[in-house]
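Coordinates in review
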Amino acid sequence: MVQLNTGLTLFFSLLVEAMPFLLLGVLFSSVLLLFVDERRLIAAMPRNPALGAIAGSLVGFMFPVCECGNVPVARRLLSQGAPASVAVGFLLAAPTVNPIVIWATWTAFRDQPEIVVLRVVFSMAIAVTIACVFSLQSDLSPLLNRGVAKLLATTAVPIPATPTPAPSPLLQSGTFLLQAPGTRVQLDTPAALSLPDSPVSKPLRLRVRLMLDNIVQEMRELGAVLILGAAIAATVQVVVPREIILSLGQGPITSILAMMALAWVVSICSTVDSFFALSFASVFTSGSLLAFLVFGPMVDLKNISLLLTLFRSRTILFIFLLVGQLTFLLTLIVNLYIS
Amino acid sequence: MRLKRPRRRTQPFPWLDILDWLAIFALGSLLLHYWISGQLSVLLHPDFRWLSNSAAILLLLVSAVRGWQLFQQVRRRRPVPSLGHQSLLPRQISSGLLLAIAIFGFFYTPRAFASETALQRGVTETLGMTRGQPQQFVRSGPPEDRTIIDWVRTLHVYPEPDAYTDQAVSVSGFVIHPPDWPDNYLMLSRFVITCCAADAYPVGLPVEIDGSRSDYPSDTWLQVEGRMATDTVGEQRQLVIQPSELTEIPEPDDPYAF
C-alpha cells in the first residue's frame, strides 16, 4: 500500500512537473509552424555540407519541436529542396538543441550543470557528424521513402503555367477513401505528395484556428505518451528492487546500455524526458543519464513509424546504429574520464 | 427533462473533438485543483510551482477557446479546421487516457514520502553518492538554528563528528527505524527535493533515546531538542543527537527540505 502511494505520488509529481514544459513546447511549435515560412529559411541555408549540417542543427532554435514534431518539418524541408545535410542535421538535433528543452533540462539538473551542457554538445556533435555522412551521398533517393524520393524527382520539373483541369474523379485510378461528401483521400498517394503546403500561405483567421487545432492534437498525443512514460518511470522506481537498479546503474557500461534501452522503449517526448531521467539521477552514472538524454530524442520506438514516412527502413537502421554507437562512445568517455 | 428530436446534420456530431476538449479541460482543472488545495507542495519544489500554475491557466484558456469553437461547430454545423496529424496511439485512447488520469487525480490525494520509501532508497548522512556539489554553503549561525539538511550539509563539508560535540540541536523530521540499529536508536529524517518528488532523496541523523524506539512509531513527526555527541551506530562512528526533549508534531505543510 505504501509502495502504491509512493508510485502514484511519483507519477503525479512527474506529470505536474512535465506538463508545463510539454504545453510550452506544443504552443511554440504550433505558433511557429503556422507563422514561419520554411521556404525563406531554406533559401538562407548554406550549401556547404558541414556548415549546412551545423545550420540545420541550430534551426531547432526556431522550431522548438520535440521528436514528434520534427519529422514532418524535416520532410517539408527536404521536399522543398533543402540540402540533405540541413534536413538530417535538423532531424537529429532539433529535439534537443532548442530553448525549451534546454530550459527543462536545466530545471531538472540544476545541481549537475555539466549534464545540460554535454547534452547539447553531444547532440550537436552526433547530428553534425551524421548529417555530413549523409551529404556525401549525392543522390539521396535510394535512401528515402519512395514517396519522398518521387516528390524530389518531380520538383525538378517546371510547373506548367496553366494548370491542367482536373479529370473527373470517376476517371482516376487508385484506392480512395470517401470522407464527407465531396472530399476523398487517395490511399495509395505517397505520404509526402498528400502533404499540405506550409500553412503559412493560408489567411490569418484560418491559421489561428488551425493553430488551436494543432495545440489540441499535440497535447492529446504527447500528453498520452507522457502519461505512459511517467507510469513506467514510477513503476520501475517502486517495483524493481533497489539492489538490481544499483548494480545496473553503477557500472560504467551496463548503466549506459540500460539507459539507452530504456530511452528507446519509453519514447518520452524530449521536452520532458529530463524529468524522467531525473528520477534515476541518484543511482545511475552521469554518462548513462546523458546517454538517455541524447539517444532518446534521436531514435525511439515511437519515432520509427514517423521516420518511415521519410526514409526507407534500412536507412533508419543505419541512423539508429550510427547514433547508438556515437552516443555510447561519447557517454562512455564521460563515465570513464570526466565524472 | 424533455428530449429533443435530433436535428439533421450534414456534419457528424464531433464526439472525438468533445473528448479531446474534455481531456484538456480536466487536465487544466487538475492542475488548478493542486494549486488551490495546496497539494502541490507534496509534488513540486516551490521554485517550480508557478510553472504548474501557469500551465493550469493556459490549459483552461485553450479549453475555453476550443469549447467555444466546438459550440459554434455544433450550432452552425461548421466543421473545425484540421491540419491532419500523424498519430501513434488511436485518438480515443489518447484522450481517454488523459481524461481518466485527470479524473483519478481529483480523487487521489498525493502523500509525502515516508520511512518505508526512505529505507528503500537508502538514507544517507552524506550528500555524496552521485550528487554534485552541495547547492549552498552552510548558513553561518547558531547550531540550534540548523535543520536536518543543514546539519547533513555541514557534515558533508567537515565530516569529523567530534567537531560538533555538545553543540545545541533543534530539528524536526519523521521517524525511521533502520533495521540494523539497536532498539534505542532511531533516525530523524527528511526528504530533500531539488525539482520534484521524482528526485526526492532522504537524509537523516541518528537520535539516541531512553527506552525503546517502539514508543515512537515509524513516520511519526518529531521536534527534537538536545545536544550533539559522537557514538558508534550500525558499525559506524557518527554524530548522534542526545535529546533532552522529544515532542510529537503534526506533519508540516511543506514536508520536504530544499
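Since the structure is predicted, the reported quantities are computational estimates derived from the model, not experimental observations.

Cut-offs and rules
Residues numbered from 1 in each chain as written. Chains lettered and ligands numbered in written order. Predicted model: local features only at pLDDT ≥ 70, side-chain atom pairs only at ≥ 80, totals over all residues. Heavy atoms only, no water. Helix = DSSP H or I, 4+ residues; strand = E, 2+ residues; numbered from the N terminus. Contact = heavy atoms within 4.5 Å. Areas by Shrake-Rupley, 256 points an atom, 1.4 Å probe, with all protein chains shown as cover. Axes fitted to C-alpha atoms, helices over the stretch in contact; angles between N-to-C directions. Parallel < 35°, antiparallel > 145°, perpendicular 65-115°, else oblique. Left-handed = near helix turned anticlockwise from the far one by under 90°. Buried < 20%, exposed > 50% of the residue type's maximum accessible area, 1.4 Å probe, protein only. Salt bridge = Lys/Arg side-chain N within 4 Å of Asp/Glu carboxyl O.

Considering the overall build of chain B
Helices and strands together make up the secondary structure of chain B, namely six helices and five strands. Ordered by position from N to C terminus, the α and β elements of chain B give α-α-α-α-α-α-β-β-β-β-β. In chain B, the proportion of contacts linking residues at least 24 apart, taken out of those at least 6 apart, comes to 71%. Accessible area of chain B: about 13000 Å², with a carbon and sulfur share of 57%.

Observations concerning the packing of helix H1 (residues 2-35) of chain A against helix H3 (residues 49-76) of chain B
It is the contact of H1(A) with H3(B), at a shortest axis distance of 8 Å, that shows an interaxial angle of 50°. The angle between H1(A) and H3(B) places the two elements in the oblique class. For the pair H1(A) and H3(B), the crossing hand works out as left-handed. Here H1(A) contributes A:Val16, A:Glu17, A:Met19, A:Pro20, A:Phe21, A:Leu23 and A:Leu27 to the contact with H3(B), which in turn contributes B:Leu51, B:Ser52, B:Ala55, B:Leu58 and B:Leu59.

Observations concerning helix H6 (residues 148-157) of chain B
All names here are of chain B. Within H6, eight of the ten residues are buried, which leaves the element mostly enclosed by the surrounding structure. Three or more residues of H6 are buried, namely Ile148, Ile149, Asp150, Trp151, Val152, Arg153, Thr154 and Leu155. Buried residues along H6 sit against strand E1 (168-176), strand E2 (185-192), strand E3 (201-208), strand E4 (221-233) and strand E5 (236-248).

Points about the pattern of salt bridges
Scanning the entire structure with this criterion turns up eleven salt bridges over all chains. Residue B:Asp20 pairs with B:Arg91 through a salt bridge whose shortest N-O separation is 3.0 Å. Of this pair, B:Asp20 sits in helix H1 (residues 15-37) while B:Arg91 is found in helix H4 (residues 91-107), placing the two residues 71 residues apart along the sequence. Since its relative accessible area comes to 3%, B:Asp20 is described here as buried. In the salt-bridge network here, residues are joined through shared partners; they are A:Asp213, A:Arg220, B:Asp17, B:Asp20, B:Arg66 and B:Arg91.

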